[in-house]
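Observations on the model geometry
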Amino acid sequence: MRAFELVNEVNIPEELTVPEGFINRFTSAGWQIQGEGRDQIVFSKPNLNYVLKVVGQGSQLRIDTIRNYINFYRKHQRNQHFPRVGGDRLLRWEGKTYYAYAQELLRHLPGDEAVLDYLEYAMEELAYGEEPDFNRIPKGLSVEQIEGLMYAVDELFGSGLGDPHTFDLSNTYNIMQRDNGQLVIVDPFSAWED
């Protein structure tokens, strides 16, 4: 059974705009659109344990920034709160450059409002250098999971990748999980200066 639902429409307002021919390049090779956001489109294939994330055409600054945090993830593969990433490369399509990389297949968080609300609150606290209130942790989360996220956020902040306010940590779409329930921080960067 698939760990996610596929996306049927792309290029909606406020999200990434990707040429249809570029998308067809992947779908004609058996890839399916798993997700789309402001900066990336995610492709998957049945029976693969990874996805292909393609960063939309944009400035070299965006590509360099995302490449930097992918390289950071590679160097910190022992931290279970960061995704396992594979190879990456630049793709050219109709004179535009796209950056693509492989990432382990992860699940979206379940729709439990109490869990999502607490994670949003906790990650926002961490973004401001505060420790979240462990007494508020709802059923479905553990102290160990939150402490692990705290350690991961500290590593991100100490990485030199950017000012703590440039990270998009309180967006719960940027937290996913493995099949065993392990929380993972993905796509942590959002403040673009271009």
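Residues numbered from 1 in each chain as written. Predicted model: local features only at pLDDT ≥ 70, side-chain atom pairs only at ≥ 80, totals over all residues. Heavy atoms only, no water.

**Some remarks on the nonpolar core**
Using the following cut-off: Each nonpolar core is a collection of buried residues, namely Ala, Val, Leu, Ile, Met, Phe, Trp, Tyr and Cys, held together in the definition by side-chain atoms within 4.5 Å. The buried label applies to any residue whose accessible area, calculated with a 1.4 Å probe on protein chains only, is under 20% of its type's maximum; exposed applies above 50%, and partly exposed to all values in between. By definition, any uninterrupted DSSP run of H or I lasting at least four residues is a helix, any uninterrupted run of E lasting at least two residues is a strand, and each is numbered from the N terminus. Working rule for contacts: check all heavy atoms of both residues, and any pair within 4.5 Å makes them a contact.
Of all hydrophobic cores here, the largest spans 35 residues; its most connected members are Leu119 and Ile185. Looking at this core, the elements with two or more residues in it are α2 (60-75), β5 (96-104), α3 (113-127), α4 (143-157) and β8 (183-185). The element contributing the most residues to this core is α3, with nine residues. Ignoring anything within four residues of it in the chain, the contact list for Leu119 reads Leu109, Leu141, Ile146, Leu149, Thr172, Ile175 and Leu183. The next biggest cluster of nonpolar side chains, apart from the first, holds 13 residues, and it includes Phe22, Ile23, Trp31 and Ala100.

**Some thoughts on the side chain of Thr97**
We apply this condition: Counted as a polar contact is a pair of N or O atoms within 3.5 Å, where, for protein atoms, one must be capable of donating a hydrogen and the other of accepting one, and residues adjacent in sequence contribute only when both atoms are in side chains.
With respect to the helices and strands, Thr97 occurs in strand β5. Look at Thr97 and you get buried, because its relative accessible area is 18%. Here Arg92 takes part through its side chain, which lies 2.4 Å from a polar atom of the side chain of Thr97.

**What to know about helix α1 (residues 20-27)**
For the record, the criterion: Throughout, the arc means that of the directions going from the helix axis to the C-beta atoms.
Taken together, the buried positions of α1 are Phe22, Ile23 and Phe26. Mapping the buried residues of α1 onto a view down its axis gives an arc of 100 degrees, with all of them on the same face. Considering only its buried residues, α1 is in contact with β1 (32-36), β2 (40-44), β3 (50-55), β4 (85-93) and β5.

**Here's the deal with the sheet that holds β1**
Basically, it comes down to this: Following DSSP output, two strands are said to pair if at least two bridges run between them. Each axis is a line fitted through C-alpha atoms, taken for helices only over the stretch in contact, and angles between the N-to-C directions span 0 to 180 degrees.
Taken together, five strands build an open sheet; the order of strands is β1-β2-β3-β5-β4 and the sheet is antiparallel. Pairing within the sheet leaves two strands with one partner each, and these edge strands are β1 and β4. Across the sheet, the mean angle separating the axes of adjacent strands is 25 degrees when strand polarity is ignored. As paired strands, β2 and β3 are joined by four bridges and run antiparallel to one another.

**Description of the pattern of salt bridges**
Formally: A pairing counts as a salt bridge when a side-chain nitrogen of Lys or Arg comes within 4 Å of a carboxyl oxygen of Asp or Glu.
What the rule picks out here adds up to five salt bridges. Among the ionic pairs, Asp88 bridges to Arg67, the shortest N-O distance being 3.8 Å. With a gap of 21 residues between them, Asp88 in strand β4 and Arg67 in helix α2 connect regions that are remote in the sequence. For Asp88, a relative accessible area of 29% puts it in the partly exposed group. Close ionic contact of Arg107 with Asp179 constitutes a salt bridge, the shortest N to O distance being 2.6 Å. Pair noted here: Arg107 is in strand β6 (residues 107-108) and Asp179 is in the loop between β7 (175-177) and β8, with a separation of 72 residues, a long-range link. Note on Asp179: relative accessible area 64%, which makes it exposed. Residues joined by salt bridges that share partners form a network here, namely Arg67, Arg74 and Asp88.

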